[in-house]
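One-letter residues, chain by chain:
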Amino acid sequence: MNKNGSTIIFAHRGSAGTHPENTMPAFEAGLEAGAEGLECDIQLTKDLVPVVIHDETVNRTTNGQAWIKDLTYEEIKRLDAGSWFSPKFGGVSIPTLEQLFEWAAGTSLTLNVELKNGIVRYPGIEKIVLDLVYAYSLENRTIISSFNHYSLVEVRRQDPDIETAVLFMEGLYEPWNYAGNIKADGLHCFFPVAVPELLVGARKANMPVRPFTVNEEETMQNLIKGGCAGIITDWPEKAVHVRNSS
Ligand code: G3P
Ligand code: CA
């Protein structure tokens, strides 16, 4: 929640509806759209540089073809991560997490950093990311999320205070209890899972819910009315408008 108790709007992979996802233009557009938070995805290069990209390969969102784990950062930074979306963004590169943090440190954005540690395992990703959070003094406005709940437990082992959130789709029984048991602080669920029973259970457990990826106005309205602490959307401008008119 924002300080005034309103739902925080998170720009998913930046403003992914209007810009090439997980690039600096997309993050800047999220801020411009009035989002108070950003969501981003982290993978590790062969030389262990955390880079901001959703997939385990560069195939879908760049002009390259390779697993990220097999490329050095020197190789990654030469790729074009904008043209697949529109020629207007030709030459835009995959940012490092450090580049994103350096820029975000000059804003008041809440940073939802998703550790991608599933299809490809990245041993040590938790410490690499936490060290960067500390280097840029972002610990009070960073949420570490992951579908890999072992990673969340490892983050909590290394840092008792940083906010974490369980990412999940469906089938988790009383997710507020599950998250509490692994010492996570919040629930980031696929939006259809955010039914009243879940919202009520989470509220009673004092656990924030931030569903993803919420792109339809009616769903935004319902989740905001339902008391979600945040919503994660590709269309932050629309979500800010819906939230401010609710
Ligand atoms: O963090 C919410 C959402 O981004 C999780 O799914 O696949 O878009 O990373 P995905
Ligand atoms: Ca994500």
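Residues numbered from 1 in each chain as written. Chains lettered and ligands numbered in written order. Predicted model: local features only at pLDDT ≥ 70, side-chain atom pairs only at ≥ 80, totals over all residues.

## Details of the overall build of the chain
Helix and strand content of the chain: nine helices and eight strands. Against the globule reference of 18 Å for 246 residues, the chain gives a C-alpha radius of gyration of 17 Å, in line with a compact fold. Expressed as a percentage of the 246 residues in the chain, the buried residues total 47%. Long-range contacts, defined here as pairs at least 24 residues apart, represent 52% of the contacts in the chain between residues at least 6 apart. (Helix = DSSP H or I, 4+ residues; strand = E, 2+ residues; numbered from the N terminus. Rg over C-alpha atoms; globule rule 2.2 N^0.38 Å. Buried ≥ 20, exposed ≤ 12 C-beta atoms within 10 Å, placed from the backbone. Contact = placed C-beta atoms within 7 Å.)

## A short note on helix α3 (residues 97-104)
Residues of α3 that are buried include every one of Leu97, Leu100, Phe101 and Ala104, and no others. Taken down its axis, α3 places every buried residue within 95 degrees of arc, on the same side. Elements in contact with the buried residues of α3: α1 (24-32), β2 (37-44), β3 (50-52), β4 (110-115) and α4 (125-135). (Arc of directions from axis to C-beta.)

## Re the packing of helix α8 (residues 217-225) against helix α9 (residues 236-245)
For the pair α8 and α9, interaxial distance at closest approach is 10 Å and the crossing angle is 50 degrees. Compared by their axis directions, α8 and α9 come out oblique. Handedness of the α8/α9 crossing: right-handed. Counting all contacts with α8, which are made through Glu217, Met220, Gln221 and Ile224, the residues of α9 involved are Lys238, Ala239, Val242 and Arg243. By residue class, the composition of the contact of α8 with α9 is four nonpolar, one polar and three charged. (Axes fitted to C-alpha atoms, helices over the stretch in contact; angles between N-to-C directions. Parallel < 35°, antiparallel > 145°, perpendicular 65-115°, else oblique. Left-handed = near helix turned anticlockwise from the far one by under 90°. Nonpolar A, V, L, I, M, F, W, Y, C, P; charged D, E, K, R; others polar.)

## So, the pairing of β4
With six of its six residues buried, β4 lies for the most part within the structure. With six bridges connecting them, β2 and β4 associate as parallel partners. The residue of β4 that forms the bridge with cysteine 40 is valine 113. When β4 meets strand β5 (residues 142-146), the two strands line up parallel, connected through four bridges. Among the inter-strand pairings, valine 113 is bridged to a residue of β5, identified as isoleucine 144. The parallel pair β4 and β5, bridged by α4, forms a crossover whose chirality is right-handed. (Pairing = 2+ DSSP bridges. Right-handed = clockwise from strand over helix to strand, strands pointing away.)

## Considerations on the UniProt feature "domain: GP-PDE" (unreviewed entry) in the chain
The sites that UniProt annotates as "domain: GP-PDE" (unreviewed entry) are residues 7-243. This span, residues 7-243, is 32% helix and 17% strand, and a straight line between its end C-alpha atoms measures 7 Å. (UniProt positions renumbered as here; feature names shortened; annotations may be inferred.)

## Notes on unusual backbone geometry
Positive phi is not limited to glycine here, since serine 137 has a value of about 50 degrees. Residue position: serine 137 is located in the loop between α4 and β5. Even without being a glycine, glutamate 174 presents a positive backbone phi close to 40 degrees. Position of glutamate 174 relative to the elements: it lies in the loop between β6 (163-168) and α6 (175-181).

## Re the nonpolar core
Residues Leu187 and Ile231 are the most contacted members of the largest nonpolar core, which totals 70 residues. Considering every element that reaches this core, the biggest residue donor is α1, with five residues. (Core = buried A, V, L, I, M, F, W, Y, C linked by C-beta atoms within 7 Å.)

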